[in-house]
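Fold and contact review
Each chain is listed here by its residues.
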Amino acid sequence: MDEEMWELRLYVAGQTVKSVTALANLKKYCEEHLKGRYRLEVVDLLLNPQLAEGDQILAIPTLVRKVPSPIRKVIGDLSNHERVLVGLDLRALDAC
């Protein structure tokens, strides 16, 4: 599982402070914990609101881990490092 490619999708609404902060935090966490093993897609719901329905997005910003399964979601600007690691189930990888 360590070498599995992670697929992450971040739902935002334009360039708000929370959206920009969430993206910056997510990139930092990915480089620290998943370097070279992740794909990140940013979905701007102001441009593509219909895409929110597929992942049942109710709040923004929302991070969705598509792969590895199960799907997991973290809502907010991702500034709480511990909460993001637990939410994405990255703590188990760090222990390896």
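Scope of this entry: the structure provided in the associated data block. (Residues numbered from 1 in each chain as written. Predicted model: local features only at pLDDT ≥ 70, side-chain atom pairs only at ≥ 80, totals over all residues. Heavy atoms only, no water.)

1. Some thoughts on the environment of Asp55
- Locating Asp55 in the fold gives a position in the loop between strand 2 (38–44) and strand 3 (62–67).
- By relative accessible area, which is 6% here, Asp55 ends up buried.
- Linking Asp55 and Ile71, residues 16 residues apart in sequence, is a C-alpha distance of 9.4 Å.
- Not counting chain neighbours up to four residues away, the residues in contact with Asp55 comprise Arg9, Tyr11, Val64, Lys66 and Lys73.
- In this structure the side chain of Asp55 is engaged in a polar contact, spanning 2.5 Å, whose partner is the side chain of Tyr11. (Helix = DSSP H or I, 4+ residues; strand = E, 2+ residues; numbered from the N terminus. Buried < 20%, exposed > 50% of the residue type's maximum accessible area, 1.4 Å probe, protein only. Contact = heavy atoms within 4.5 Å. Polar contact = N/O pair within 3.5 Å; in protein donor to acceptor, adjacent residues only side chain to side chain.)

2. Let's talk about helix 1 (residues 17–33)
- Across its 17 residues, helix 1 extends 24 Å between first and last C-alpha, which sits within 8% of the 24 Å expected from 1.5 Å per residue.
- When we look at burial in helix 1, the residues that qualify are Ser19, Ala22, Asn25, Leu26, Tyr29, Cys30 and His33. With its buried residues spanning 135 degrees around the axis, helix 1 presents them on a single face. (Expected span 1.5 Å × (residues − 1). Arc of directions from axis to C-beta.)

3. Some thoughts on the side chain of Thr62
- Counting through the fold element by element, Thr62 comes out in strand 3.
- Each residue touching Thr62, except ones within four places of it in the same chain, is listed here: Arg9, Leu10, Tyr11, Ile57, Lys73, Val74 and Ile75.

4. Describing the sheet that holds strand 4 (residues 72–75)
- The mixed open sheet is built from four strands, whose spatial order is 2-1-3-4. Taken across any chain shown, the strands that pair with only one partner, and hence form the sheet edges, are strand 2 and strand 4. Here the strands of the sheet are splayed against their neighbours by 20 degrees on average, with no regard to which way each runs.
- Relative to strand 2, strand 1 (residues 6–12) runs parallel, the two being bridged by seven bridges. Looking at strand 2, one finds that Leu10 is bridged to Val42.
- Where helix 2 (residues 81–88) meets the sheet, it contacts strand 1, strand 3 and strand 4, and its direction lies at approximately 160 degrees from that of strand 4. (Pairing = 2+ DSSP bridges. Axes fitted to C-alpha atoms, helices over the stretch in contact; angles between N-to-C directions.)

5. Considerations on unusual backbone geometry
- A cis amide bond, omega 5 degrees, links Val67 with the succeeding residue Pro68.
- Structurally, Pro68 can be placed in the loop between strand 3 and strand 4.
- With a phi close to 65 degrees, Leu78 is a non-glycine residue in the positive phi region.
- Assignment of secondary structure puts Leu78 in the loop between strand 4 and helix 2.
- Looking at Leu78, the relative accessible area reads 3%, which means it is buried.

Interpretation note: all reported values are geometric properties and have no functional meaning in isolation.
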